[in-house]
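Examining the three-dimensional arrangement
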Amino acid sequence: MQLTDYLRKIGARVTPARRSILGAIAESSKPISADEIGVKLIKDGFEVNKTTIYRELEFLKTENLIREIDFLDGRKRYEATSYGHHHHVICKACGGVEELGSIPEYFINTFSRKSQFLIQDHNLEFFGLCQSCQKEV
């Protein structure tokens, strides 16, 4: 089912802004910030103010269509949940991002059992230097 069909199914409006924001996220090869979404929309000839972008991102997060990711640089980024849960490696020098697979459920379940902590969600990102930036150090 396409995201626009899903939005109609839950009774949400499929506005031009919502459709464009979803498109910008889907077209991005890595998690994308609200500012980057705004720039992409302007390049595509669609002007939308920042308030609308943030309001739509909150709505899409609430509907579990996108996930918010924190790369610890003061800017939240977003990616579609349809990509499945996974993690990232982020280069601290050039800002490059690569996707990693998900942590096996075995590790999460083992930790949960040993700590007696009910894990409801997790976020794990790795920070370091990519191969190109390692050569420059």
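Keep in mind the model is a prediction, meaning the values are calculated, not measured.

1. Some points on helix α4 (residues 50-62)
- In this model, α4 (13 residues) spans 18 Å end to end at C-alpha, consistent with the 18 Å of a helix rising 1.5 Å per residue.
- Those residues of α4 that fall on the buried side of the exposure criterion are T52, I53, E56, L57 and L60. Looking down the long axis of α4, one finds its buried residues gathered within 135 degrees of arc, a one-sided arrangement. Those residues of α4 that are exposed and aimed more than 90 degrees away from the buried face are K50, T51 and T62.
- Turning to α4, the residues buried within the fold contact α2 (16-27), α3 (34-43), β2 (66-70) and β3 (76-80).
- For α4, the N-terminal capping position is held by N49, with its side-chain oxygen 3.2 Å away from the main-chain nitrogen of T51.
- With its phi angle positive at about 60 degrees, N64 sits one or two positions after the end of α4.

2. Topic: the side chain of H87
- As for its position among the elements, H87 is in strand β4 (residues 87-91).
- The contacts of H87, once residues within four sequence positions are left out, are E98, E99, L100, G101, S102, I103, H122, L124 and E125.

3. A few points about the state of the cysteines
- All told, the structure shown has zero disulfides when counted by the stated rule.
- As a non-bridged cysteine, C91 has C133 as the owner of its nearest cysteine sulfur, 3.6 Å distant.
- C130 carries a free sulfur, and the closest cysteine sulfur to it, the one in C133, is 3.6 Å from it.
- With relative accessibility at 23%, the residue C130 sits in the partly exposed group.

4. Quick word on the packing of α3 against α4
- At a minimum axis separation of 10 Å, α3 and α4 run at an interaxial angle of 120 degrees. Taken together, the axis directions place α3 and α4 in an arrangement best described as oblique. Considering the relative orientation of α3 and α4, their crossing is right-handed. Contact with α3, carried on its side by A34, D35, I37 and G38, involves K50, I53, Y54 and L57 of α4 and no other residues of that element.

5. Section: unusual backbone geometry
- Phi at N64 takes a positive value of approximately 60 degrees, unusual for a residue other than glycine.
- Mapped onto the fold, N64 is located in the loop between α4 and β2.
- For N64, a relative accessible area of 53% puts it in the exposed group.
- Unlike most non-glycine residues, Q116 shows phi in positive territory, near 55 degrees.
- Tracing the chain through its elements places Q116 in the loop between α5 (105-115) and β6 (125-128).

Conventions we followed
Residues numbered from 1 in each chain as written. Predicted model: local features only at pLDDT ≥ 70, side-chain atom pairs only at ≥ 80, totals over all residues. Heavy atoms only, no water. Helix = DSSP H or I, 4+ residues; strand = E, 2+ residues; numbered from the N terminus. Expected span 1.5 Å × (residues − 1). Buried < 20%, exposed > 50% of the residue type's maximum accessible area, 1.4 Å probe, protein only. Arc of directions from axis to C-beta. Contact = heavy atoms within 4.5 Å. Polar contact = N/O pair within 3.5 Å; in protein donor to acceptor, adjacent residues only side chain to side chain. Disulfide = S-S within 2.5 Å. Axes fitted to C-alpha atoms, helices over the stretch in contact; angles between N-to-C directions. Parallel < 35°, antiparallel > 145°, perpendicular 65-115°, else oblique. Left-handed = near helix turned anticlockwise from the far one by under 90°.

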